[in-house]
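Structural overview
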Amino acid sequence: MIPGARLIILGRQGAGKGTQCVRLSRHYVVPHISTGDMLRAAVREKTELGLMAKQVMDAGGLVGDDIMIGLVRERLARPDAMGRGYILDGFPRTVAQAEALDEITAERPVHVVIDLDVPRDVVLARISARRVCRDCGTNYTATGNERYPWICEVCGGDVMQRDDDTPEAVNRRLDLYETQTAPLIDFYAKQNKLVVVDGVGHPDDVFRRLTAAVDAAKEQRI
């Protein structure tokens, strides 16, 4: 069996992180720990931190660093993450969270922080081309060559573009991401843990680049 790994994945929305995290999770046999999934699980299981997070979210607020750090601490203490490792997706988002993560993982440090780099104009085009059926939820990617672009091929329902997938909305999210993430990238670069991986191309090619970067980083830290 391929040895496990302890990874953090950064990247713009639309860079393909979700697809690659699933593949990396299977390849290294480690859990893919996303912020959203972790929050939902804690709320569903009614843990102390989950109930605190639910209270904040129900009030329309953003879950703060203290709760998120606590959730990550609990998740990384589980046997699967302790034994083989993990892929953290969506955490850390701030330098304060990164510093806390360093403390949490002091005995088993992160092997590498991957910045899956896809140019802004490419992710903007990818996200702006996303479509979804209003009735059955089938997802589409608009190419401009569809015979019936706004009719679902599965159920005949109305195909639409989500309000938050318009170029204006996507640009706002990308601006926020870059403002938040720039200090984080500097933080990990100074620790010599950051590796930038080209995320453009066929998913198989991107996956090979990712595993090569992870394996090289692990060898350096043995």
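The structure this text deals with has already been given above.
This section reports on the structure supplied with the text.

Cut-offs applied
- Residues numbered from 1 in each chain as written.
- Predicted model: local features only at pLDDT ≥ 70, side-chain atom pairs only at ≥ 80, totals over all residues.
- Heavy atoms only, no water.
- Disulfide = S-S within 2.5 Å.
- Buried < 20%, exposed > 50% of the residue type's maximum accessible area, 1.4 Å probe, protein only.
- Salt bridge = Lys/Arg side-chain N within 4 Å of Asp/Glu carboxyl O.
- Helix = DSSP H or I, 4+ residues; strand = E, 2+ residues; numbered from the N terminus.
- Pairing = 2+ DSSP bridges.
- Axes fitted to C-alpha atoms, helices over the stretch in contact; angles between N-to-C directions.
- Contact = heavy atoms within 4.5 Å.
- Nonpolar A, V, L, I, M, F, W, Y, C, P; charged D, E, K, R; others polar.
- Phe/Tyr/Trp six-rings, centres within 6.5 Å; stacked < 30°, edge-to-face > 60°.
- Expected span 1.5 Å × (residues − 1).
- Arc of directions from axis to C-beta.

**With respect to the state of the cysteines**
- Per the counting criterion, the structure on display carries zero disulfides.
- With no disulfide of its own, Cys 152 lies closest to Cys 136 among cysteine sulfurs, the gap being 3.7 Å.
- Relative accessible area serves as the criterion here: at 4%, Cys 152 is assigned to the buried category.

**Some details on the pattern of salt bridges**
- Inspection of the entire model under this criterion finds 14 salt bridges.
- With its nearest N and O atoms 2.7 Å apart, the salt bridge here joins Asp 37 to Arg 40. A residue pair is termed a helical-turn pair when its members lie 3 or 4 positions apart in one helix, as Asp 37 and Arg 40 do in helix 2 (residues 35–45) at three residues.
- Residue Arg 78 is joined to Glu 45 by a salt bridge in which the shortest nitrogen-to-oxygen separation is 3.4 Å.

**Observations concerning the sheet that holds strand 1 (residues 6–10)**
- Ordered in space as 2-3-1-4-8, the five strands form an open sheet in which the pairing is parallel. The open sheet terminates on both sides in strands that have one partner only, identified here as strand 2 (32–34) and strand 8 (194–198). Between one strand axis and the next, the sheet turns by 25° as a mean value, whatever way the strands run.
- Sheet analysis places strand 1 next to strand 3 (residues 86–89), joined by four bridges and oriented parallel. When the bridges of strand 3 are listed, Leu 7 appears paired with Ile 87.
- Here helix 9 (residues 203–221) sits on the sheet in contact with strand 1, strand 4 (112–117) and strand 8, set at roughly 155° to strand 4.

**Things to note about the sheet that holds strand 5 (residues 130–133)**
- The strand order across the open sheet built from three strands is 6-5-7, with neighbouring strands paired in antiparallel fashion. Where the open sheet ends on each side, the last strands, each with one partner, are strand 6 (139–141) and strand 7 (159–160).
- Pairing between strand 5 and strand 7: two bridges, direction antiparallel. Counted as the bridge partner of Val 132 is Met 160 from strand 7.

**Points about the pairing of strand 5**
- Pairing of strand 5 with strand 6 involves three bridges; the strand directions are antiparallel. Bridging across to strand 6, Arg 131 finds its partner in Tyr 140.
- As consecutive antiparallel partners, strand 5 and strand 6 are separated by five residues, and within that stretch Gly 137 has a phi angle of approximately 85°, a positive value.

**Remarks on the packing of helix 6 (residues 95–104) against helix 8 (residues 167–190)**
- Two elements in contact, helix 6 and helix 8, have axes separated by 9 Å at closest approach and are oriented at 35°. Where helix 6 approaches helix 8, its residues Val 95, Ala 98, Glu 99, Leu 101 and Asp 102 are matched on the opposing element by Pro 183, Leu 184, Phe 187 and Tyr 188.
- Considering only residue class, the contact of helix 6 with helix 8 consists of seven nonpolar, no polar and two charged.

**Points about the packing of aromatic side chains**
- One pass over the structure, following the stated rule, counts one aromatic pair.
- Note on Phe 187 and Tyr 188: the rings are 5.1 Å apart at their centroids and 80° apart in plane angle, and the pair reads as edge-to-face. A single burial state applies to Phe 187 and to Tyr 188, both of which are buried.

**Some words on helix 1 (residues 17–28)**
- Relative to the 16 Å expected for twelve residues at 1.5 Å per residue, helix 1 spans 16 Å between its end C-alpha atoms, a close match to the ideal helical length.
- Within helix 1, the full set of buried residues consists of Lys 17, Gln 20, Cys 21, Leu 24, Ser 25 and Tyr 28. Seen along its axis, helix 1 keeps its buried residues to an arc of 140°; they face one direction.
- The inward-facing, buried residues of helix 1 abut strand 1, strand 2, strand 3, strand 4 and helix 9.

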